[in-house]
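Coordinate inspection notes
Single-letter residue listing:
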Amino acid sequence: MTLTGDVTLTDHHCHGVTAADLDRPGFEALLGEGRRGSFDSALGLAVRRWCAPVLDLPPHTGADAYLARRADLGWREVTARLLGAAGTARWLVDTGLPDGLTGLTEFGELAGGETGEIVRLEQVAEQVVAEVGGTAKAFDRIEAAVRERAAGAAGLKTVVAYRTGLDFPLTDTPPPTLAPEHRLSDPATLGWLVGLGARLCAELGLPLQIHTGFGDPDLRLQHADPLLLTDFLRATAHTGLTVVLLHCWPFHRNAAYLAHVFEHVRMDLGLAIPHVGRGARTLLAEALELAPFRSVLYSSDGYGLPELHYLGAALWRDALGKLLDEWLADDVITTADAENLVSTLAHGNAARDYPFSGTSRKPKPR
Ligand SMILES: [Zn+2]
């Protein structure tokens, strides 16, 4: 099946783009996690193959010619073209890493389509700590600040995987003191913060996104296996909370297992799809082994380069279309069921789980 831009997507997890023209080192840095990317990679090949035509160049254009064309057009035009070509109708933007990136409004103007904000718990907490210091009162202030930000958001997100890891303590009570840390790392504080996010999300009918798997080099990957969330998921299973496991690679099979056994768990393969080249089809196939189809969402995890938002979409469509061709050839699925599956994964699941404008936000039935 060729999945075209007519299959509109909801990108439920992405970031802004760098609001500046980039030289080659600046561009290549953003082609990898922790600013360690390079054109000499599966992702670099994908940029040359897929993004070049969006800038009116032949597929597989060399890196220097690609960047020269990019510089001629300027970052705004390049961004508008690539985001427009993604065929994405709804973008949920994580605003927790604002440095040098377009804000929500500017991103929405360049991208077209509807935007919503995903609020990062640790960033809100760290802002409060920066303002009031590490007093015991800070916990109440953090709760009030998260509540205020959540009121206008489409979801909350935690990057606790980067801090204490996903084996954080489960607790509803704050520790006696809060360390005045610029970057929160105390396990008891982080455990309380994730618990707070889970309670507020359940109350407000918002999904809680959790970073798992692959990420920046400051991650200890062995602490980012979503299986470490098993006790947390058991504890939140009947609270009305929806948990979305982001990225997941290389633990996407573990995430699929969790989505299989916990009704309130969702997963995506954002970030991994553009990085793994031809492996994207296998990745999708492995996620869809155990994960119920209602639990798999699309995201690009695009960050910095609009190429990543576009490639997330183009390569996801390409990989899913080819995977479904294999299923059709083996008589695993009918064409009608395959078409249904595509729209479920592309936007149907996200439409059910996230509040969008035009839908009233009510707590979900317990
Ligand atoms: Zn992200």
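No experiment lies behind these values; they were computed from the predicted model shown.

Parameters and conventions
- Residues numbered from 1 in each chain as written.
- Predicted model: local features only at pLDDT ≥ 70, side-chain atom pairs only at ≥ 80, totals over all residues.
- Heavy atoms only, no water.
- Axes fitted to C-alpha atoms, helices over the stretch in contact; angles between N-to-C directions.
- Helix = DSSP H or I, 4+ residues; strand = E, 2+ residues; numbered from the N terminus.
- Parallel < 35°, antiparallel > 145°, perpendicular 65-115°, else oblique.
- Left-handed = near helix turned anticlockwise from the far one by under 90°.
- Contact = heavy atoms within 4.5 Å.
- Nonpolar A, V, L, I, M, F, W, Y, C, P; charged D, E, K, R; others polar.
- Expected span 1.5 Å × (residues − 1).
- Buried < 20%, exposed > 50% of the residue type's maximum accessible area, 1.4 Å probe, protein only.
- Arc of directions from axis to C-beta.
- Pairing = 2+ DSSP bridges.
- pLDDT = per-residue confidence, 0-100.
- Right-handed = clockwise from strand over helix to strand, strands pointing away.
- Phe/Tyr/Trp six-rings, centres within 6.5 Å; stacked < 30°, edge-to-face > 60°.
- Lys NZ or Arg CZ within 6 Å of the ring centre and 35° of its normal.
- Donors = N, O, S within 2.8 Å, 3.2 Å for Na, K, Ca; no water.
- Domains from an automatic or database assignment.
- Buried area = accessible area lost by both parts, 1.4 Å probe.
- Salt bridge = Lys/Arg side-chain N within 4 Å of Asp/Glu carboxyl O.
- Polar contact = N/O pair within 3.5 Å; in protein donor to acceptor, adjacent residues only side chain to side chain.

**Observations regarding the packing of helix H6 (residues 121–132) against helix H7 (residues 138–151)**
Across the interface, H6 lies against H7 with an axial gap of 9 Å and an inter-helix angle of 135°. The pairing of H6 with H7 is recorded here as oblique in orientation. Where H6 crosses over H7, the handedness of that crossing is right-handed. Between H6 and H7, the residues in contact are Leu121, Val124, Ala125, Gln127, Val128, Val129, Glu131 and Val132 and Ala138, Arg141, Ile142, Ala145, Val146 and Arg149, respectively. The class makeup of the residues in the contact of H6 with H7 is 10 nonpolar, one polar and three charged.

**Observations regarding H7**
Over its 14 residues, H7 extends 20 Å from the first C-alpha to the last, a length consistent with the 20 Å expected when each residue adds 1.5 Å. Buried within H7 are the following residues: Ala138, Phe139, Ile142, Ala145, Val146 and Ala150. Down the axis of H7, the buried set is contained in an arc of 130°. They therefore lie on one face. Residues of H7 that are exposed and point over 90 degrees away from its buried face: Asp140, Glu148 and Ala151. Contacts made by the buried residues of H7 are with H6, strand S4 (155–158) and helix H8 (187–204).

**Remarks on the sheet that holds strand S6 (residues 242–247)**
Spatial ordering of the open sheet is given by S1-S2-S3-S4-S5-S6-S7-S8, a layout of eight strands whose pairing is parallel. The open sheet has two edge strands with one neighbour each: strand S1 (9–14) and strand S8 (296–297). The pairing of strand S3 (residues 114–120) with S4 spans three bridges and is classified as parallel. When the bridges of S4 are listed, Arg120 appears paired with Lys157.

**Description of the confidence of the model for the chain**
In this model, the chain carries an average pLDDT of 94, and 97% of its residues clear a pLDDT of 70 or more. Confidence drops under a pLDDT of 50 for residues 358–366, and excluding neighbours within four residues, the segment shows 20 contacts in the predicted structure.

**Looking at the pairing of strand S2 (residues 88–94)**
For S2, a buried count of five out of seven residues is recorded, marking the element as mostly surrounded by other parts of the structure. As judged from the four bridges shared by S1 and S2, these two strands associate in the parallel manner. Bridge pairing in S2 links Cys14 to Val93. Crossover S2 to S3 through helix H5 (residues 104–111) is right-handed.

**Concerning the environment of Thr335**
Locating Thr335 in the fold gives a position in helix H14 (residues 335–353). For Thr335, a relative accessible area of 45% gives the class partly exposed. Taking C-alpha positions, Thr335 is 25 Å from Leu311, a pair spaced 24 residues apart along the chain.

**A short note on the packing of aromatic side chains**
On inspection of all chains with the given rule, the structure shows eight aromatic pairs. Look at Phe27 and Phe39: their rings are 5.5 Å apart centre to centre, the planes differ by 15°, and that puts the pair in the stacked class. With Phe27 in helix H1 (residues 24–29) and Phe39 in the loop between H1 and helix H2 (42–51), this pair connects stretches of sequence that are 12 residues apart. Between Phe27 and Tyr66 the ring centres are 6.2 Å apart and the planes differ by 55°, which places this aromatic pair in the tilted class. Separated by 39 residues along the polypeptide, Phe27 in helix H1 and Tyr66 in helix H3 (residues 63–73) bring together distant segments of the chain. Like Tyr66, Phe27 is buried. In this structure an aromatic cluster arises from ring pairing among Phe27, Phe39 and Tyr66. A cation over a ring is seen here: Arg49 above Trp50, with NZ or CZ 4.3 Å from the ring centre.

**A word on the coordination of the zinc ion**
All of the protein donors around the zinc ion are His13 (NE2), His15 (NE2) and Asp301 (OD); their distances to the metal are 2.0 to 2.1 Å. Within one chain, the residues serving as donors to the zinc ion are arranged as H-x1-H-x285-D. You can see His13 sitting in strand S1 and its partner Asp301 sitting in the loop between S8 and helix H13 (306–329), a full 288 residues away along the chain. By relative accessible area, which is 0% here, His13 ends up buried. Look at Asp301 and you get buried, because its relative accessible area is 8%.

**A look at the domain arrangement of the chain**
Looking at the assigned domains, one finds that the chain contains domain 1 (9–17 + 86–353) and domain 2 (22–73). Computed from C-alpha coordinates alone, the two centres of domain 1 and domain 2 are separated by 26 Å. At the interface, 20 residues of domain 1 touch 17 residues of domain 2. Both sides of the domain 1 and domain 2 interface together cover about 1500 Å² of buried area, and 73% of this is carbon and sulfur. When the area that domain 1 buries against domain 2 is broken down by residue, the three leading residues are His275, Leu305 and Glu307, summing to 35%. Across the contact surface, domain 1 and domain 2 share one salt bridge. The shortest N-O distance in the salt bridge between Arg70 and Glu307 comes to 2.7 Å. Put simply, domain 1 and domain 2 have two residue pairs in polar contact (both at pLDDT 80 or more) between them. Looking at the side of domain 1 that touches domain 2, the elements that each hand over two or more residues are helix H11 (272–275) and H13. Here the side of domain 1 that touches domain 2 gets eight residues from one element, more than from any other, and that element is H13.

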